[in-house]
Amino acid sequence: HPRAREMIEMAAGQEPVRRRDIAYWLIDEAQQLLNRKERDEVGARGLLGSAMVVSRLLMDAETIYTVCSACLQSGALQEALDGYRLVQKLMPNLASIYHQA
């Protein structure tokens, strides 16, 4: 829901110290929706969209990467791709490390 997303973003903006906690809480909630017998991919994508916004405020590559991985599980492919691009910008050596393996 757009209003809920606004409130989450506002809370994360006001609580910079808790941004990582907020992002991982949203990821955990989304994972619960995906692990149900009747998967709720739409609800999970909504939570993950908010998690992505919060992780972008945090600008932490590991958190963004974790959100991206969950986005793939929920079918939010474009969101995952956009996030992975940001991870590459934050960690330019990452691509070369994977190619060496």
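Before reading on, note that the structure itself is shown above.
Summary of the structure given here.

The rules behind each value
- Residues numbered from 1 in each chain as written.
- Predicted model: local features only at pLDDT ≥ 70, side-chain atom pairs only at ≥ 80, totals over all residues.
- Heavy atoms only, no water.
- Helix = DSSP H or I, 4+ residues; strand = E, 2+ residues; numbered from the N terminus.
- Buried < 20%, exposed > 50% of the residue type's maximum accessible area, 1.4 Å probe, protein only.
- Salt bridge = Lys/Arg side-chain N within 4 Å of Asp/Glu carboxyl O.
- Contact = heavy atoms within 4.5 Å.
- Expected span 1.5 Å × (residues − 1).

Details of the environment of Ala11
Now for step 1: If you trace the backbone, Ala11 turns up in helix α1 (residues 2-14).
Now for step 2: The exposure class of Ala11 is partly exposed, given its relative accessible area of 32%.
Now for step 3: Sequence spacing of Ala11 and Val54 is 43 residues, and the spatial spacing of their C-alpha atoms is 9.4 Å.

A look at the pattern of salt bridges
Now for step 1: The tally for this structure, following the rule as stated, stands at 5 salt bridges.
Now for step 2: Counted as one network, the salt bridges with shared partners bring together Arg39, Glu41 and Arg45.

Looking at the environment of Ile22
Now for step 1: Residue position: Ile22 is located in helix α2 (residues 19-35).
Now for step 2: Along the primary structure Ile22 and Val54 are separated by 32 residues, whereas in three dimensions their C-alpha atoms are 7.4 Å apart.
Now for step 3: Look past the residues within four positions of Ile22 in its chain and what remains in contact with it is Ile8, Ala11, Ala12 and Val54.

A word on helix α4 (residues 61-74)
Now for step 1: Look at α4: 20 Å from first C-alpha to last across 14 residues, which is about the 20 Å you get at 1.5 Å a residue.
Now for step 2: Turning to α4, its buried residues number three or more, namely Ala61, Thr63, Ile64, Val67, Cys68, Ala70, Cys71 and Ser74.
Now for step 3: If you follow the buried residues of α4, they end up packed against α2, α3 (41-58) and α5 (77-90).
Now for step 4: Just past α4, the residue Gly75 takes up positive phi, approximately 90°.

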